[in-house]
Amino acid sequence: KTETAEEDPKSISAKGDAVYTGGRVINVGDIKFDKELTEADGLALLSKHMPTVATDASGNPIGLAVPNISQIPYASALGFQDGDIIAGVNGEPLTNINQIMGMIERHKNSKTLNVQIIRGGRPETVTFNIP
């Protein structure tokens, strides 16, 4: 049974057109943030929580793992949990850290983000509605 759980992420990364089932919708406007995060805050967080490439059993990249993501301000309020692998945003696979800045730029005016994650070996989508 453990082999099956490990095979699920492999099929997600190998095809790039996986269907994500289940998921949650989070209205970001309903979350109260203490302050706006600055670029300096972002750099400090990145240095402390540097993402690493997560791979399947065959060594294929399946997403990014962020160490101690629950300790990042607001990450747990947004639904992220330690051990989550961020596999993509709006259907665009996320397989290396260099993609992050481009994704931020492409999606900066989006009102909805669908973030594909792998949690406990199972794919899930979290939808963020941004006011």
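All values derive from a computational prediction rather than experimental measurement.

> What should I look at first to understand the overall build of the chain in this one?
Within the chain one finds three helices and seven strands. For the chain, the N- to C-terminal ordering of α and β elements is α-β-α-β-β-β-β-α-β-β. When burial is assessed residue by residue, the chain has 32% of its 131 residues classed as buried. For the chain, contacts bridging at least 24 residues in sequence account for 53% of all contacts bridging at least 6. Here the chain displays about 8100 Å² of accessible surface, and carbon together with sulfur accounts for 54% of that area.

> Whenever I open this one, the pairing of strand 7 (residues 122–129) confuses me. Can you help?
Successive side chains on a regular strand alternate, one facing one side of the sheet and the next facing the other. Two elements, strand 6 (residues 112–119) and strand 7, share eight bridges in a ladder whose sense is antiparallel. Opposite Ile118, over in strand 7, you have Pro123 as the bridge partner. Hairpin remark: strand 6 followed by strand 7, antiparallel, with two residues in the connecting loop; positive phi at Gly120, about 60°.

> Explain the environment of Asp56 to me, please; I cannot follow it from the model alone.
Within the element layout of this structure, Asp56 appears in the loop between strand 2 (52–55) and strand 3 (61–65). Judged by relative accessible area, Asp56 falls into the buried class, the value being 7%. The spacing of Asp56 and Gly121 is 65 residues in sequence and 9.9 Å in space, taken between C-alpha atoms. One polar contact links the side chain of Asp56 to the main-chain amide nitrogen of Ser58, over a distance of 2.9 Å.

Rules and cut-offs
- Residues numbered from 1 in each chain as written.
- Predicted model: local features only at pLDDT ≥ 70, side-chain atom pairs only at ≥ 80, totals over all residues.
- Heavy atoms only, no water.
- Helix = DSSP H or I, 4+ residues; strand = E, 2+ residues; numbered from the N terminus.
- Buried < 20%, exposed > 50% of the residue type's maximum accessible area, 1.4 Å probe, protein only.
- Contact = heavy atoms within 4.5 Å.
- Areas by Shrake-Rupley, 256 points an atom, 1.4 Å probe, with all protein chains shown as cover.
- Pairing = 2+ DSSP bridges.
- Polar contact = N/O pair within 3.5 Å; in protein donor to acceptor, adjacent residues only side chain to side chain.

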